[in-house]
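What follows is the residue order along each chain.
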Amino acid sequence: MHQGYSVNFIKSLIITSMFFLGCSASVTDNDPYTLYMHLSSDPGTLNPITSSEAITSTINENIYETLVDRDFDTLEIVPQLAVKWKISDDKLRYIFYLRKGVLWSDGVEFTADDVVYSYRVIKDPSTACAPLKVYYIDIRDVRKIDRYTVEFIYTKPYFLGLNYCGSMPIIPKHIFDDGTDFNTHKNNRHPVGTGAYIFKRWDTGKRIVLSANPRYRGKKPDIRNVVFKIVSEPSVALQMLKKGELDVMSVRPIEWVRQTNSESFIKNFYKLEYYIPNYSWIGWNSRTEYFKDKRVRKAMTHLINRDAIREKLLFGLGKLVTGTFYIYSRAYNPDIKSIEYDPEKAKRLLSEAGWRDTDGDGILDRNGKKFSFTFTIASEKKFSERLTSILKEDLARVGIEMNINRYEWAVFADRLHKRNFEAITLSWLLSYSDDPYQLWHSSQVDAGSNFCNFKNREADRIIEKARVEFNDRKRNKIYHRFGEILYDEQPYTFLFCSPSLVAVNKRFTNVKVHLRGLNYLEWMIRDKK
Amino acid sequence: MKSGYWYRVWREFKKNRLSVAAGIVVVFLFFIAILAPLLSNDKPYVYIKENQIYFPIFYSHRDLDGIDLRKAGHDGFKIFPPIKYSYSEYDLDSIVLPPSSKHILGTDEQGRDIAARLIYGARVSIFIGFIAVAIYVSIGIMMGAAAGYYGGIVDLIISRLIELMLCFPTFFLILTILALWGPSLVSVMVVIGLTGWTGIARIVRGEFLRLREMDYISAAKAIGVNDAMIILKHMLPNSLAPVLVSATFGIASTILIESSLSFLGFGVQPPTPSWGELLNQSRDFMDFAWWLTIIPGFAIFITITSYNLVGEGLQDAIDPKSMKK
């Protein structure tokens, strides 16, 4: 925490002068050239390699760049730090030609050494970035060919190779390679990047301030500063938005429907709704006696009135999903019919699986064991609480006893990773083209993200086959089959793809919704003082 | 002699009108808590159909399983409780509704009836209050009695222990323990019980130090009455009055602690209602659903105030200066 404060005399002077600048800035809080964003909590770190939090990437995407980017509308891979690339015919070698003359925000030039260093750090066993490492297991080496050329060498072909090489986080070698511990490096709180904005300061619990990068090669954005205000209470943040203290905020469904429709709100704010890849789910741990049987898992899905929940609890804001891929991607199988809400069918399935009320106490049992399980939820998630309270009532009606255990996030995550749960609910944030390996391959059952113990030979084969299939049409066809298997097995009850519901102050113009979401680099300020 | 003392306390207490009124509220809330299933239920007390008599609340009749008697199509003679909803039943068609004739105190974000949840919440809040206080009063009496009666090294150890406990910021200690144990009704009660006993222990110790020097205790010792007998039969009854006062205040503060814990999400597990939990749920809708905040807030306010007024009344009543008159 305190590593950000240097004892070096000159540096501390700079910090002091920045502090004064900051003070004067906060007095005139409505600087027209500043964009005020909402953050619900402090990020743990601003190191793009060790962090897997969404909050960190919201900030870092302004500061750090990667070799390639995705077009906001077409999602095609486009040049960023690399100007072009070449892929060998055997799909094992990726050569990237780097952009010349790109400077880190401290003035040092970006070169192939930075790319190689970033790769080495990710591979280093002492670096705490397990989720990221998964994507680079099949890379044998990353070589510097010359100052502006690097080569990634794979041990076997991988259809997302370009995607993962190109989106590897890149950090400045001259900053991080100073012999201190990487995981607790002082620049984890003070990022130095090549992006459109540079980091100014971070007042823990209050704000993170960025300002436009004067050395940035692209078009200068109209917005000169971005201030992320940290406000943990959503209802407080909404009030701040209405008062003009925040410019952009993701609101919750009930706020979208009930609290942001007044005439003055519509007059002052754009309301933008778009779907980025995500879905929520309920996982049934098949290690437990209850959910070992797929008939029981199917019965559970029959018992969850997803349409009513979507309609009433989410106010119709969300799309019911039947698979693990992004609902708008070609890999998603649109032909899978959603399992309907049908308690009678559920009862039949449960009784087929041996769960009947033999002792007349109103609760199903099998071999003397009652059907009574515990649903684990995280205390921060209000939706989980509502969902499970409803489910508890519905299950009681068919004779299943369900308890709810709510844990603080750290405890919840620990139970999840130790597979110490019977049923659980969460959401996944996906990428635009996805590999189901991390979530569904049987090798990920014990340590990876395959929490519910999903094991299926055919699914494993498909996942492995798809990884080396470079023809999109063929691969998507394979994935459609995968979707069928997955839905038939019901390791999850798939719930909804939720929209991003964003309110943006109308003092900005050119606010467009792209397939990838919002891009405030292109926003213009309406009234320039 | 003993009845005489408590009679005088009661006479003094009655003089304070406000405390008596508060006492009535306390008793009233107590009955609401005990009778919660009879006041708010989705089943009727009595249901008579085709010469068949049912008591759905009191017995579970197999032929009524899964039948909602409130719905049309189940004719016959029915008597329902005042609130025709259970605390956990949801209705997604009536989410966040203001008070109306159908839901007299409105509904929450799952369409659950606030009146029903408030009544059951009283049960949880008051139950936790009584049990937790019972736990810490017992511990406090034992500790205080031992310290006060034996004195010397026992007193030294217990007094230091009390001071040690007092050094902890109790609320944060409770939060820490709950974070480790996982929140539940039982852990909330136990934690409050195990951390709250110091006040009682000090009172009892003080009383015992005073009583120990009394002639009748010396007399009891002289004729060979054993320690346990002296403590339980001769000293304890005479030191109970201040304990009672402290316990009354204790219940109020326990209800408040439980509400705070539930408000922070460390209290009871969903869908169990408690007043703090109700307030917690209301946070999202504070700017337009006033009833979700005001009603549980008011319930907490009334309860805490009543217990405190009763406590104050008792304190005045046992004050020897007022007794002399």
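Peer 1: Report on the state of the cysteines, specifying residues and quantitative values.
Peer 2: Residues and elements named next belong to chain A. Summed over the entire model, instances satisfying the criterion amount to 0 disulfides over all chains. Here Cys-165 stays free of any disulfide, with the sulfur of Cys-129 as its closest cysteine sulfur at 15 Å. Residue Cys-165 is classed as buried on the basis of its relative accessible area, which comes to 0%. Among the cysteines around Cys-497, which has no disulfide bond, Cys-452 carries the closest sulfur, lying 19 Å off.

Peer 1: I'd like a description of the pairing of strand 4 (residues 82-87) of chain A, backed by residues and values.
Peer 2: Residues and elements named next belong to chain A. Note that strand 4 and strand 5 (residues 93-98) share 5 bridges and pair antiparallel. If you follow Ala-82 over to strand 5, its bridge partner there is Leu-98. In this antiparallel pair of consecutive strands, strand 4 and strand 5, the connection spans 5 residues, and Lys-91 shows a positive phi of 60°.

Peer 1: Tell me about the domain arrangement of chain B, residues and numbers included.
Peer 2: Split into domains, chain B comes out as domain 1 (5-36 + 115-322) and domain 2 (42-80). Each of domain 1 of chain B and domain 2 of chain B has a C-alpha centre, and the two are 41 Å apart.

Peer 1: Tell me about the interface of chain A and chain B, residues and numbers included.
Peer 2: Opposite the 29 residues of chain A that make contact, chain B presents 29 residues. Carbon and sulfur atoms make up 49% of the surface buried where chain A meets chain B, a total of about 2600 Å² over both sides. Inspection of the region where chain A meets chain B yields 8 residue pairs in polar contact (both at pLDDT 80 or more). Going through the elements one at a time, helix 7 (234-243), helix 8 (253-259), helix 11 (306-313), helix 13 (382-397) and strand 18 (401-407) of chain A are the ones with two or more residues in the side of chain A that touches chain B. Broken down by element, the residue count for the side of chain A that touches chain B peaks at 8 residues, all from helix 13 of chain A. Among the residues forming the side of chain A that touches chain B, the class breakdown is 9 nonpolar, 6 polar and 14 charged.

Peer 1: Run through the sheet that holds strand 2 (residues 52-54) of chain B, naming residues and quoting values.
Peer 2: Residue and element names in this part refer to chain B. On the basis of which strands lie adjacent, the open sheet formed by 3 strands has the order 2-1-3 and antiparallel pairing. Lying at the two open borders of the sheet, with one neighbouring strand each, are strand 2 and strand 3 (77-79). Across this sheet, the average inter-strand angle for adjacent strands is 10°, counted without regard to direction. Summarising the sheet, strand 1 (residues 46-49) and strand 3 pair through 3 bridges and their orientation is antiparallel. In the sheet register, Tyr-47 faces strand 3, and the bridge partner there is Lys-78.

Peer 1: Give a detailed account of helix 13 of chain A, specifying residues and quantitative values.
Peer 2: Residue and element names in this part refer to chain A. Taking 1.5 Å per residue as the helical rise, helix 13 with its 16 residues ought to reach 22 Å, and the 24 Å between its terminal C-alpha atoms agrees with that figure. Of all the 16 residues making up helix 13, 12 are buried; the element is thus mostly covered by neighbouring parts of the structure. Those residues of helix 13 not exposed but buried are Lys-382, Ser-384, Glu-385, Arg-386, Leu-387, Thr-388, Ser-389, Ile-390, Leu-391, Glu-393, Asp-394 and Leu-395. A positive backbone phi angle near 90° is found at Gly-399, which sits one or two residues after helix 13.

Peer 1: Could you give me a rundown of the packing of helix 10 (residues 227-263) of chain B against helix 12 (residues 290-318) of chain B, with the residues and numbers involved?
Peer 2: The packing of two helices is summarised by the inter-axis angle and the distance between the axes. Residue and element names in this part refer to chain B. Their axes nearest at 8 Å, the elements helix 10 and helix 12 cross at an angle of 165°. One way to sum up the angle between helix 10 and helix 12 is to call them roughly antiparallel. At the point where helix 10 passes helix 12, the crossing takes the left-handed sense. In this structure, helix 10 contributes Ala-241, Pro-242, Leu-244, Val-245, Thr-248, Phe-249, Ile-251, Ala-252, Ile-255, Leu-256 and Ser-259 to the contact, and helix 12 contributes Ile-300, Thr-303, Ile-304, Tyr-307, Asn-308, Val-310, Gly-311, Glu-312, Leu-314, Gln-315 and Ile-318. Along the lines of polarity and charge, the residues of the contact of helix 10 with helix 12 split into 15 nonpolar, 6 polar and 1 charged.

Conventions used here
- Residues numbered from 1 in each chain as written.
- Chains lettered and ligands numbered in written order.
- Predicted model: local features only at pLDDT ≥ 70, side-chain atom pairs only at ≥ 80, totals over all residues.
- Heavy atoms only, no water.
- Disulfide = S-S within 2.5 Å.
- Buried < 20%, exposed > 50% of the residue type's maximum accessible area, 1.4 Å probe, protein only.
- Pairing = 2+ DSSP bridges.
- Helix = DSSP H or I, 4+ residues; strand = E, 2+ residues; numbered from the N terminus.
- Domains from an automatic or database assignment.
- Contact = heavy atoms within 4.5 Å.
- Buried area = accessible area lost by both parts, 1.4 Å probe.
- Polar contact = N/O pair within 3.5 Å; in protein donor to acceptor, adjacent residues only side chain to side chain.
- Nonpolar A, V, L, I, M, F, W, Y, C, P; charged D, E, K, R; others polar.
- Axes fitted to C-alpha atoms, helices over the stretch in contact; angles between N-to-C directions.
- Expected span 1.5 Å × (residues − 1).
- Parallel < 35°, antiparallel > 145°, perpendicular 65-115°, else oblique.
- Left-handed = near helix turned anticlockwise from the far one by under 90°.

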